[in-house]
Amino acid sequence: MSTSSNGRIATNPSTSIDWEKLGFKERDVNGLVRVTYKNGQWGALEVSKDSHLNVHAAAPCLNYGQQAFEGIKAFRTASGSVRVFRPQENWARMNLSARMASMPELPEELFLQAIKVAVALNLEYVPPYKKNASGGALYIRPLLLATGPMLMLGSPDEFTFLVWVTPVGSLYGSGADIPAVDGFVLDTFDRTAPMGTGHTKLGGNYAPVFAPTAAAKKQGYPITLHLDSASHTYVDEFSTSNALAVQKDGEQVTLVVPDSTSILRSVTKISVVDIADKLCGWKVDLRQVAFDELKQNKFVEFMAAGTAAGITPVRSMSYNSHKPQLVHDKLSRDGPKYTFPSDNEVKRIDFGDGQTAGECARRLFDELTSYQCGDQPDKFGWLWPE
Ligand code: COI
């Protein structure tokens, strides 16, 4: 452990990890932090070296999906100190999810304290300063779980809040440059109902996406896009992150932000909206975005924005040009069958040169990471602790 120039405690990154080849996966670390809610109140923080939980088989988090999660990143600055990016926003969003799933809210102080202790316990797992051009951070995963036994539909008496962490690189690709990925529109599957839970981070919004996402990945599309469930007309979000588009009119750049009641309030998105507006001098247009606008080549760039995804340029979007059919024999015990469209049914929309990251995505990526790593004075007050 050493003290950096600004007096913060800095533990050097572990030498047992190849920081250039992090990928996005879980690794063993020193431990996690846990708090129990019982008798109507939150208890004290506990540190556990064991990543396993001892949960009753009748817990609603296991049976009915009564749980919520968050994704936050901590970064190492040039001086070696470690800072967390905007955890207050994740606290607010976790409480939104908690309200949606009838779970107790967390006081902000407790949420932040749990993050501080979890990060301090695992400082050597925060990647070196800007080691990996396509990401490199300690991924922080707060989890809120209904852990008391309860067979009836309803909230049990006991809940668990925990924070586990793991070092991660980019969600999409690796290497020296920012990855530009190919996307596919999932139009035979709806992520959430029109007036459902899409704006919250409940696990139930994610598990049903695994199969169609895996099918798309197998066909060469690492990122999948959902359209609005009611009309399949407007852009909602990617399975992993929010979507953003760029429109250009001469010198005027507009960052187009899809508006929908079924998408998450991505902390990365609201941050790059500030960057676009206050630093780049671009227009920001929050509105419904018809998928037809992508087909009509109205956008020069398209990108994903999320904690795990960071800013990921999307170089192409492919879609099924035929009306998609979900084969659903209601009397069959197998349920609907998802079949990927054949090559002659798939159409592709290219953004820019259809190969590399566009200049606006690069600019947003560079500005965002420079704030996250503390390269700039923190004029937005994004890094925590201050
Ligand atoms: C995040 O961006 O933090 C997420 O939770 C997305 C998930 C697909 C990894």
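Bear in mind the structure is a predicted one, so any value in this text is a computation, not a measurement.

Colleague: Quick one: what's the story with the overall build of the chain, residue by residue and with numbers?
Modeller: Assigned secondary structure in the chain consists of seven helices and 20 strands. Computed over the C-alpha atoms, the radius of gyration of the chain is 21 Å, within 12% of the 21 Å expected from 2.2 N^0.38 for a compact globule of 386 residues. Along the three orthogonal principal directions, the C-alpha set of the chain runs to about 55 × 55 × 35 Å. Here the chain holds 386 residues, and the buried ones make up 52% of them. A separation of at least 24 residues holds for 73% of the contacts in the chain among residues at least 6 apart in sequence. Accessible surface for the chain amounts to roughly 17,900 Å². Of this, 50% is attributable to carbon and sulfur atoms. With 39 positive and 42 negative side-chain charges, the chain shows a spacing of 2 Å between the two charge centroids.

Colleague: I'd like a description of the confidence of the model for the chain, backed by residues and values.
Modeller: Of all residues in the chain, 94% attain a pLDDT of 70 or more, and the chain-wide mean is 93. Within the model, the stretch residues 1–7 combines pLDDT values under 50 with 15 contacts to residues more than four positions away or in other chains.

Colleague: Lay out helix α2 (residues 87–100) in plain terms, naming residues and giving numbers.
Modeller: At 3.6 residues per turn, the α-helix brings residues three or four places apart onto the same side. For α2, with 14 residues, the first-to-last C-alpha span of 20 Å sits near the 20 Å given by 1.5 Å per residue. Every buried residue of α2 is listed here: Pro87, Asn90, Arg93, Met94, Asn95, Ser97 and Ala98.

Colleague: Describe the site of the ligand, with residues and values.
Modeller: The full set of residues close to the ligand is Phe24, Phe69, Gly71, Tyr139, Arg141, Lys201, Thr240, Thr307 and Ala308. Here an oxygen atom of the ligand sits 2.5 Å away from a polar atom, N or O, in the side chain of tyrosine 139. The side chain of arginine 141 places a nitrogen or oxygen atom 3.4 Å from an oxygen atom of the ligand. Among the residues making up the shell around the ligand, the classes are represented as four nonpolar, three polar and two charged.

Colleague: Any chance you could break down the packing of helix α5 (residues 267–279) against helix α7 (residues 359–372) for me, citing the residues and the numbers?
Modeller: α7 packs onto α5 with a crossing angle of 105° between their chain directions and a minimal axis gap of 10 Å. As summarised for this structure, α5 and α7 are arranged roughly perpendicular, according to the angle between their axes. For the pair α5 and α7, contact is made by Thr268, Ser271, Val272, Ile275, Ala276 and Leu279 and by Arg363, Leu364, Glu367, Leu368 and Tyr371, respectively. Residues that form the contact of α5 with α7 fall into these classes: seven nonpolar, two polar and two charged.

Colleague: How would you summarise the pairing of strand β10 (residues 159–168) if you had to cite specific residues and measurements?
Modeller: With nine of 10 residues buried, β10 lies mostly within the body of the structure. In this sheet, β10 lies alongside strand β3 (residues 32–38) in antiparallel orientation, the contact comprising five bridges. Counted as the bridge partner of valine 33 is valine 163 from β10. In this sheet, β10 lies alongside strand β9 (residues 137–146) in antiparallel orientation, the contact comprising 10 bridges. Bridge pairing in β10 links arginine 141 to tryptophan 164.

Criteria and cut-off values
- Residues numbered from 1 in each chain as written.
- Predicted model: local features only at pLDDT ≥ 70, side-chain atom pairs only at ≥ 80, totals over all residues.
- Heavy atoms only, no water.
- Helix = DSSP H or I, 4+ residues; strand = E, 2+ residues; numbered from the N terminus.
- Rg over C-alpha atoms; globule rule 2.2 N^0.38 Å.
- Buried < 20%, exposed > 50% of the residue type's maximum accessible area, 1.4 Å probe, protein only.
- Contact = heavy atoms within 4.5 Å.
- Areas by Shrake-Rupley, 256 points an atom, 1.4 Å probe, with all protein chains shown as cover.
- Lys, Arg positive; Asp, Glu negative; His and termini not counted.
- Charge placed at Lys NZ, Arg CZ, Asp CG, Glu CD.
- pLDDT = per-residue confidence, 0-100.
- Expected span 1.5 Å × (residues − 1).
- Near = heavy atom within 4 Å.
- Polar contact = N/O pair within 3.5 Å; in protein donor to acceptor, adjacent residues only side chain to side chain.
- Nonpolar A, V, L, I, M, F, W, Y, C, P; charged D, E, K, R; others polar.
- Axes fitted to C-alpha atoms, helices over the stretch in contact; angles between N-to-C directions.
- Parallel < 35°, antiparallel > 145°, perpendicular 65-115°, else oblique.
- Pairing = 2+ DSSP bridges.

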